[in-house]
Amino acid sequence: MKQNEKIKEYKNSIAAVKKRRQREKHNSLKQKAEARRLKNLHNVRRFREKRKGEENLEIVEIEDVTNFTNRMQKSRAMKKLKRALPQTPRKKAELLINLLTGKKSKQSPTMAKLRQMNIVKSPDEIENDEIAKHVLVDVKKVLTHTKAQRSKDSLVTKHIILAAVSGESVTENRCKKKLASKLEVPIRRLSGGKRIRTNVLRSEQSCWTITKRNNS
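Residues numbered from 1 in each chain as written. Predicted model: local features only at pLDDT ≥ 70, side-chain atom pairs only at ≥ 80, totals over all residues. Heavy atoms only, no water.

**Some points on helix H7 (residues 152-165)**
Inference 1: Spanning 14 residues, H7 covers 20 Å between terminal C-alpha atoms, matching the ideal 20 Å at 1.5 Å per step.
Inference 2: The set of residues buried in H7 consists of Ser154, Lys158, Ile161, Leu162 and Ala163. (Helix = DSSP H or I, 4+ residues; strand = E, 2+ residues; numbered from the N terminus. Expected span 1.5 Å × (residues − 1). Buried < 20%, exposed > 50% of the residue type's maximum accessible area, 1.4 Å probe, protein only.)

Now the structure itself:
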């Protein structure tokens, strides 16, 4: 009887309760970590399957546009093309640049086919890439400047910029990690910027403003 009473007293003691809570907390954290691991594993597998499917699709598309009857015919054409090009790399590069970016390249059916296969970019795409590169540099400069400051204005500026660059397109194309690396900011900052963007665009005040503008 005395031993049972001692056990009951120990169970109700502060030390025992503390140990039980610690065990429960440890088990809970362990379960959450296992759930995160399984979720990440599932996402990785799904991403790999998706990428593998896209690669197979690209291979099928390239094979479909092959106009040679066999490999030997294609090999002979490649050798003939190499012999026709200049021997020096500089002249060869200059000739290919003129061929790809010349005045008549916009009207060339071959260039149109290469653009359709995403092998060669159109002038508009090249211009967009150039603009995007300079915009990225400017955004990075502003974020680097605001990092060193601890004022409220710098924090607001950083939130505005991150909310502007982190949108649905970045998330859908799975390039948030690359963007965070380019901007040299933690990926959670971009996620925070997206939350701010969503809250602002879906707030009652924003919806009312859009409705008022459409009706006016």
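**A closer look at the pattern of salt bridges**
Inference 1: Within the structure shown, the criterion is met by three salt bridges.
Inference 2: Its salt-bridge partner being Arg37, residue Glu34 comes within 2.8 Å of it at the nearest N-O pair. Placement of both Glu34 and Arg37 in helix H2 (residues 14-64) is noted, with a separation of three residues, approximately one turn of the helix.
Inference 3: Overall, the relative accessible area of 36% leaves Glu34 in the partly exposed class.
Inference 4: Judged by its relative accessible area of 45%, Arg37 is partly exposed.
Inference 5: Lys140 serves as the salt-bridge partner of Glu184, at 3.1 Å between the closest nitrogen and oxygen. With Glu184 in the loop between helix H9 (176-183) and helix H10 (187-201) and Lys140 in helix H6 (residues 123-147), this residue pair connects regions lying 44 residues apart in the sequence. (Salt bridge = Lys/Arg side-chain N within 4 Å of Asp/Glu carboxyl O.)

**Here's the deal with H6**
Inference 1: With 25 residues, H6 should cover 36 Å at 1.5 Å per step; its first-to-last C-alpha distance of 36 Å lies within 8% of that length.
Inference 2: Every buried residue of H6 is accounted for by Val139, Leu143 and Thr146.
Inference 3: Residues of H6 that are buried in the fold lie against H7 and H9. (Contact = heavy atoms within 4.5 Å.)

**Quick word on a positive patch on the surface**
Inference 1: A cluster of basic residues, Arg76, Lys79, Lys80, Lys82, Arg83 and Lys92, forms a positive patch on the protein surface.
Inference 2: Looking at which element gives the most residues to the positive patch, the answer is helix H3 (residues 71-84), with five residues.
Inference 3: Relative to the helices and strands, Lys92 is located in helix H4 (residues 89-101).
Inference 4: Classification of Lys92 by relative accessible area gives partly exposed; the value is 31%. (Patch = residues over 30% accessible without salt bridge, like charges linked within 9 Å, V, L, I, M, F, W, Y side chains within 5 Å. Areas by Shrake-Rupley, 256 points an atom, 1.4 Å probe, with all protein chains shown as cover. Lys, Arg positive; Asp, Glu negative; His and termini not counted. Charge placed at Lys NZ, Arg CZ, Asp CG, Glu CD.)

**Things to note about the nonpolar core**
Inference 1: By size, the foremost hydrophobic cluster in this structure holds 10 residues: Val139, Leu143, Ile161, Leu162, Val170, Leu179, Ala180, Leu183, Val185 and Leu190.
Inference 2: Secondary structure elements with two or more residues in this core: H6, H7 and H9.
Inference 3: Sort the elements by how many residues they give to this core and H9 lands first, with three residues. (Core = buried A, V, L, I, M, F, W, Y, C linked by side-chain atoms within 4.5 Å.)

**Observations regarding the side chain of Thr146**
Inference 1: Residue position: Thr146 is located in helix H6.
Inference 2: Using a relative accessible area of 9% as the deciding quantity, one classes Thr146 as buried.
Inference 3: Engagement of the side chain of Thr146 in a polar contact is seen with the backbone oxygen of Leu143, the distance being 2.9 Å. (Polar contact = N/O pair within 3.5 Å; in protein donor to acceptor, adjacent residues only side chain to side chain.)

**Topic: the packing of H6 against H7**
Inference 1: Running from N to C, H6 and H7 point in directions that differ by 150°, and their axes come no closer than 9 Å. The angle between H6 and H7 places the two elements in the roughly antiparallel class. Here the hand of the crossing between H6 and H7 comes out left-handed. Together, Val139, Val142, Leu143 and Thr146 of H6 and Ser154, Thr157, Lys158, Ile161, Leu162 and Val165 of H7 make up the contact between the two elements.
Inference 2: Of the residues that constitute the contact of H6 with H7, the class distribution is six nonpolar, three polar and one charged. (Axes fitted to C-alpha atoms, helices over the stretch in contact; angles between N-to-C directions. Parallel < 35°, antiparallel > 145°, perpendicular 65-115°, else oblique. Left-handed = near helix turned anticlockwise from the far one by under 90°. Nonpolar A, V, L, I, M, F, W, Y, C, P; charged D, E, K, R; others polar.)

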